[in-house]
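Below, each chain spelled out in residue letters.
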Amino acid sequence: MSNKAKLVYVLSLRNAAADKAGQPVDYKGQPRYMKSPLEYLAEALDTTSLGDAYSLEGIVYDDDEQSPRDQAVLADYGFSYRPDRQWIFPKDLRAQGRLLRDMLHAVPSSYRRLPLNDPNRPAGKSAFEHQLLDKLLTLQADVVVLDGLLVILDELVRPGGRFHRKIVNIHPGITRLESPFQRRGAYATLDALYGARGEKVVDWQAMTKVATKPIVKTGASLHYVDNGIDSGEVIFDVLGTDIGPEDSILELRWNNFNRSLFPAMHQGLILLAPHL
């Protein structure tokens, strides 16, 4: 019997699409390949000691094929792998002998089609979490890694919940509140980019900004998921990314993935393994 922890990876394809995962991106006038955290993990499971501690059991995504917004964001990728179009990782990528494209599972967060103030939205969110729980149990997950899941989990991670302290998130920012480099939430990378230019966005809808002291470094964190926004206990973080004043969002994402996020995920999973 294997003593490896069974790992399930959960993401939003629309977040990977925003990063242009699996594609070349411009970097100071030259193309660089945008490797996603999932692709990095797949390779690490085959080439490092992570493969002795974990087995990748499945990849779950929450994107909704019936949502016009999701359709627009995923116009270049689609909602599943197809050989005639680009995808978020190479078509023949394997982890521990299994093709990643054969490990994909859709659990749509279809409640997102409802307006935020719709009275049916809480029940829809709860139904989504129950469907996700069913999938994780079917895959016999011991640990769940979230990467750019654009949904805040609630029931699954409450104290006493089936996956309390068994779901971790890889976040492209430092999440310790006491850190001067702290960047939380969905706008963490943009927040760091503006911060390096001496600006703080106080209203992302209106893009209202105020002047602030420039902070020219950022990083990444692997942390437990709780009911807040990137507020769970930090397992491991890396402050390894310098921000250039002329960096684009994708240039900063590329740098932060390679210099901070991949190392934080790798070392964090090593530290987490004995506790599973």
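Thresholds, definitions, all that
- Residues numbered from 1 in each chain as written.
- Predicted model: local features only at pLDDT ≥ 70, side-chain atom pairs only at ≥ 80, totals over all residues.
- Heavy atoms only, no water.
- Buried < 20%, exposed > 50% of the residue type's maximum accessible area, 1.4 Å probe, protein only.
- Helix = DSSP H or I, 4+ residues; strand = E, 2+ residues; numbered from the N terminus.
- Pairing = 2+ DSSP bridges.
- Bend = angle between axes of the 7 residues up to and from the residue.
- 1 Å grid on protein atoms, 1.4 Å probe; cavity = no way out; pocket = protein on both sides within 12 Å on 5 of 7 lines; lining within 4 Å.
- Points joined across faces, edges and corners; volume = space filled by probe spheres on them.
- Nonpolar A, V, L, I, M, F, W, Y, C, P; charged D, E, K, R; others polar.
- Core = buried A, V, L, I, M, F, W, Y, C linked by side-chain atoms within 4.5 Å.
- Contact = heavy atoms within 4.5 Å.
- Salt bridge = Lys/Arg side-chain N within 4 Å of Asp/Glu carboxyl O.

S.K.: Help me understand the pairing of strand 9 (residues 167–171) in this model?
M.R.: Both faces of the sheet carry side chains from a regular strand, because those side chains alternate between them. With respect to burial, strand 9 is a largely interior element, five of its five residues being buried. Side chains Ile 167, Asn 169 and His 171 of strand 9 all project onto a buried face; the interleaved residues Val 168 and Ile 170 project onto the opposite face, where all are buried too. Across four bridges, the pairing between strand 8 (residues 143–147) and strand 9 is parallel. If you follow Leu 146 over to strand 9, its bridge partner there is Asn 169.

S.K.: Looking at this model, I keep getting lost on helix 7 (residues 249–272). Mind explaining?
M.R.: An α-helical segment advances 3.6 residues per turn. Residues three or four places apart therefore align on the same side. Of all the bends in helix 7, the largest measures some 50° and sits at Phe 257. Extensive coverage of helix 7 is indicated by the burial of 17 of its 24 residues.

S.K.: Would you mind showing me how to read empty space enclosed by the protein here?
M.R.: Gaps left between atoms are located by rolling a probe of water-molecule size over the structure's atoms. Throughout the structure, instances matching the rule amount to one cavity of 30 Å³ or more. If you add up the space inside the largest cavity, you get close to 80 Å³. Along its surface, the largest cavity is lined by Leu 11, Ser 12, Asn 15, Ala 16, Asp 19, Ala 21, Ser 36, Pro 37, Leu 38, Ile 88, Asp 147 and Phe 257. A breakdown of the residues in the lining of the largest cavity according to their chemical character gives seven nonpolar, three polar and two charged.

S.K.: Would you take a moment to explain the nonpolar core for this structure?
M.R.: Proteins that are soluble and globular tend to have nonpolar side chains buried together. In this structure, Leu 7, Tyr 9, Tyr 54, Ile 88, Leu 100 and Leu 269 are the most contacted members of the largest nonpolar core, which totals 52 residues. Residue contributions to this core peak at nine residues, all from helix 7. Other than its neighbours up to four places away in sequence, Ile 88 contacts Leu 11, Leu 13, Ala 16, Ala 21, Gly 22, Ser 36 and Tyr 77. Leu 132, Leu 136, Leu 153 and Val 157 belong to the second-largest nonpolar core, a separate cluster that totals 21 residues.

S.K.: Explain the layout of surface pockets to me, please; I cannot follow it from the model alone.
M.R.: Considered as a void within the structure, the largest pocket measures approximately 1400 Å³ in volume. Together, 45 residues line the largest pocket, and Asn 15, Leu 149, Leu 150, Gly 185 and Ala 186 are the ones closest to its centre. Among the elements of the structure, helix 1 (13–18), helix 4 (68–73), strand 8, strand 9, helix 6 (188–196) and helix 7 are those that each provide at least two residues to the lining of the largest pocket. It is helix 7 that provides the largest number of residues to the lining of the largest pocket, a total of five residues. Class assignment of the residues belonging to the lining of the largest pocket gives a composition of 23 nonpolar, ten polar and twelve charged.

S.K.: Honestly, the pattern of salt bridges in this entry has me stumped. Any pointers?
M.R.: Close approach of charged atoms allows side chains of opposite charge to pair. A complete count under the given rule lists 19 salt bridges for this structure. Two residues, Asp 70 and Arg 14, come together in a salt bridge whose shortest N-O distance is 3.9 Å. Separated by 56 residues along the polypeptide, Asp 70 in helix 4 and Arg 14 in helix 1 bring together distant segments of the chain. Here Asp 70 and Arg 14 have matching classes, each one buried. Between Arg 113 and Asp 64 there is a salt bridge, with its nearest N and O atoms 2.5 Å apart. One end of the pair, Arg 113, is in the loop between strand 7 (104–106) and helix 5 (121–138); the other, Asp 64, is in the loop between strand 4 (54–61) and helix 4, and 49 residues separate them in sequence. Overlapping salt bridges bring together Arg 14, Asp 62, Asp 63, Asp 70 and Arg 112 as one network.

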